[in-house]
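In case you want the letters, here they are:
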Amino acid sequence: MRTEYPARQLGELVENLDSRRIPLSSRVRAQRRGPYPYYGATGVMDHIDGYLFDGLHLLVAEDGSVEREDGAPFIQLVQGKFWVNNHAHVLRGVDDEDTKYIYYALSTVPVRPFVTGSVQPKLSQANLNRIPIPYPPDRATRRATVRVLSTLDEKIDLNRRMSETLEAMARAIFKAWFVDFEPVRAKMEGRWRRGESLPGLPQHLYDLFPEGFADSELGAIPEGWRVEGLNEIAQFLNGLALQQYRPGTGPALPVIKIAQLRKGDTDGADRCSADVPVEYIVDDGDVLFSWSGSLECIVWAGGKGALNQHLFKVTSNKYPKWFYYFWIHEHLPEFRSIAADKATTMGHIQRHHLASAQVVVASADVMAAADRVIAPMLERVLTLRLESRTLARLRDALLPKLISGELRLRDAERFIGSAVG
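Residues numbered from 1 in each chain as written. Predicted model: local features only at pLDDT ≥ 70, side-chain atom pairs only at ≥ 80, totals over all residues. Heavy atoms only, no water.

## Notes on the overall build of the chain
What the chain contains, in helices and strands, is eleven helices and 22 strands. The buried share of the chain, reckoned over its 421 residues, is 47%. Put simply, of all contacts in the chain between residues at least 6 apart along the chain, 72% involve residues at least 24 apart. Separation of charge centres in the chain, based on 52 positive and 53 negative side chains, amounts to 4 Å. (Helix = DSSP H or I, 4+ residues; strand = E, 2+ residues; numbered from the N terminus. Buried < 20%, exposed > 50% of the residue type's maximum accessible area, 1.4 Å probe, protein only. Contact = heavy atoms within 4.5 Å. Lys, Arg positive; Asp, Glu negative; His and termini not counted. Charge placed at Lys NZ, Arg CZ, Asp CG, Glu CD.)

## Some points on the sheet that holds strand β18 (residues 287-290)
With antiparallel pairing, the four strands of this open sheet are ordered in space as β14-β21-β18-β19. In the strand order of this sheet, the two ends are held by β14 (235-238) and β19 (297-299), each with one partner. For this sheet, the mean angle separating the axes of adjacent strands, direction not counted, is 30 degrees. (Pairing = 2+ DSSP bridges. Axes fitted to C-alpha atoms, helices over the stretch in contact; angles between N-to-C directions.)

## So, helix α10 (residues 364-404)
The end-to-end C-alpha distance of α10 is 60 Å, a good match for the 60 Å that 41 residues give at a rise of 1.5 Å each. The largest bend along α10 measures about 35 degrees and falls at Asp371. The first or second residue beyond α10 is Gly405, which carries a positive phi of 85 degrees. (Expected span 1.5 Å × (residues − 1). Bend = angle between axes of the 7 residues up to and from the residue.)

## What about the sheet that holds strand β3 (residues 33-39)?
Strand order in the open sheet formed by four strands is β4-β3-β8-β5, with mixed pairing between adjacent strands. Among the strands making up the open sheet, the edge pair consists of β4 (44-48) and β5 (53-54). Sheet topology note: the β3/strand β8 (residues 81-84) ladder contains two bridges and is parallel. In the strand pairing of β8, Tyr38 is matched with Trp83.

## Considerations on the side chain of Asn308
On the secondary structure map, Asn308 appears in the loop between β20 (305-307) and β21 (311-315). For Asn308, the contacting residues outside a window of four places in its chain are Gly239, Leu240, Leu242, Val255, Ile256 and Lys257.

## As for unusual backbone geometry
Look at Phe181: it is not a glycine, yet its phi comes out positive at around 55 degrees. By the element assignment, Phe181 lies in the loop between α4 (139-179) and α5 (182-188). Overall, Phe181 belongs to the buried group, its relative accessible area being 6%. Even without glycine at this site, His310 takes up a positive phi of about 80 degrees. For His310, the location among the structural elements is in the loop between β20 and β21.

## Observations regarding helix α2 (residues 96-106)
Of all eleven residues making up α2, eight are buried, and the element is well covered by its neighbours. Structurally, α2 contributes buried residues whose contacts are with β6 (57-61), β7 (75-78), β9 (88-92), β10 (132-134), α4 and α10. By the N-cap criterion, in which a side-chain oxygen at the helix start approaches the backbone nitrogen of a residue two or three places on, α2 is capped by Asp95, the distance to Glu97 being 3.2 Å. (Polar contact = N/O pair within 3.5 Å; in protein donor to acceptor, adjacent residues only side chain to side chain.)

## Details of the packing of α2 against α4
Where α2 meets α4, the closest approach of the two axes is 9 Å, and the angle between their N-to-C directions is 70 degrees. The angle between the axes of α2 and α4 places the two elements in the roughly perpendicular class. Here α2 contributes Glu97, Asp98, Lys100, Tyr101 and Tyr104 to the contact with α4, which in turn contributes Arg142, Arg143, Thr145, Val146, Leu149, Ser150 and Asp153. Considered class by class, the residues forming the contact of α2 with α4 number four nonpolar, two polar and six charged. (Parallel < 35°, antiparallel > 145°, perpendicular 65-115°, else oblique. Nonpolar A, V, L, I, M, F, W, Y, C, P; charged D, E, K, R; others polar.)

## A look at the side chain of Glu62
Along the chain, Glu62 falls in the loop between β6 and β7. In this structure Glu62 comes out as buried when scored by relative accessible area, which is 9%. Within the local environment of Glu62, its side chain forms a polar contact with the side chain of Arg21, the two groups lying 2.8 Å apart. Leave out the neighbours within four places in its chain, and Glu62 touches Arg21, Asn86, His87, Ala88, His89, Pro121, Lys122 and Leu123.

## Quick notes on the pattern of salt bridges
The final tally for this structure, using the stated rule, is 37 salt bridges. Salt-bridge contacts for Asp95 lead to Arg139; the nearest nitrogen and oxygen are separated by 2.7 Å. Placement of Asp95 in the loop between β9 and α2 and of Arg139 in helix α4 is noted, with a sequence separation of 44 residues between them. Classification of Asp95 by relative accessible area gives partly exposed; the value is 24%. (Salt bridge = Lys/Arg side-chain N within 4 Å of Asp/Glu carboxyl O.)

## Points about the environment of Leu240
As for its position among the elements, Leu240 is in the loop between β14 and β15 (252-256). The exposure class assigned to Leu240 is buried, which follows from its relative accessible area of 17%. Placed 66 residues apart in sequence, Leu240 and Ala306 show a C-alpha to C-alpha distance of 8.5 Å. The contact partners of Leu240, leaving out residues within four places of it in the chain, are Tyr245, Pro277, Tyr280, Leu307, Asn308 and Gln309.

## Side note on the packing of α4 against α10
At a minimum axis distance of 9 Å, the contact between α4 and α10 shows a crossing angle of 165 degrees. With respect to their mutual orientation, α4 and α10 come out roughly antiparallel. Of the two elements, α4 crosses α10, and the hand of that crossing is left-handed. Class assignment for the residues of the contact of α4 with α10 results in 28 nonpolar, four polar and seven charged. (Left-handed = near helix turned anticlockwise from the far one by under 90°.)

## What about the packing of aromatic side chains?
For the coordinates displayed, the defined rule picks out 28 aromatic pairs. A cation over a ring is seen here: Lys81 above Tyr51, with NZ or CZ 5.6 Å from the ring centre. Across the ring face of Tyr206, the terminal group of Lys187 is positioned such that the distance to the ring centre comes to 4.1 Å. (Phe/Tyr/Trp six-rings, centres within 6.5 Å; stacked < 30°, edge-to-face > 60°. Lys NZ or Arg CZ within 6 Å of the ring centre and 35° of its normal.)

The structure is reproduced here in structure tokens:
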């Protein structure tokens, strides 16, 4: 990367705290459960009852997954009290602003020339110290660079927290109405009376809910409501073996596998021909459910792609998205337990498990009332995630240009101001 700023070797700019690291075995960690994160090379591995470091630090993977898909080192910016094993270097700049600057600058440097070992890649402390990074000599430039990039990261983090809160609120309403039958219980126990409101239960909803329960194969459910199988409220389309749709010279699509579902994006994904049947094309807002491996269910916000095998694309022509999405989540613990019992094969569920998973369907009036409350919340969650994707792309585009000095800070601040509002 060409740069307007002089390069300095990383070892000249940071304090290396590797000597304070202490690895703990999984057995010891199991005996020391607690609130503090225990970090490995690429993320949090556990939570234990003590910490070694406090404050803002930079963790750089030392062995194993030391290189990201874009060729930069695998690094983590960590704040607070935490523990680190001996698979991540622990660094700190002269202050927090400098630690953040070094984090961003190191994200632009190819690490391959400094990695040894073909079977088990390793980034030794000596080689880590030799990595050159662009380092503006004046502190004001470094601080301004951090301010621009942090503005985007903070907005992305705010969106993540808002979307998690909104989804949790929507899930709580769903569970109260359709799993715990709280409105019906409140009426039967006299806690909710006609003309009065309860938290989450305004008075105009009172007459929509039944006065009592009736027997069903699931036990007592609200009178007039019914039981159906999960496979009856939605269609579960299994993905294709997309190696049969190899990309040619025409348009291509990223292949969405379990790994992409877990990451939430298609960066570095395999490609396939765009000439797949249209029902197997995934768009933002689709519900995806991995039925093998690590069973997960998400509302996809990672852009257009093609559905690979081992994933269901879930749709319904009878019920709203939130209804089948939250019912799948209600049954996920049971599905994961079924998958975990398949010790001789990769854990998975089968279609008959979807039929056995029963759900409760409310009256049309209650379904419509719930849709007016829950659907806008899930739509807002999707909007926030899509906005974060756009901001992350903007950050990734600006990062090398800012760190190299190619883009003037004043111009970057103008772009950021218009992006985050």
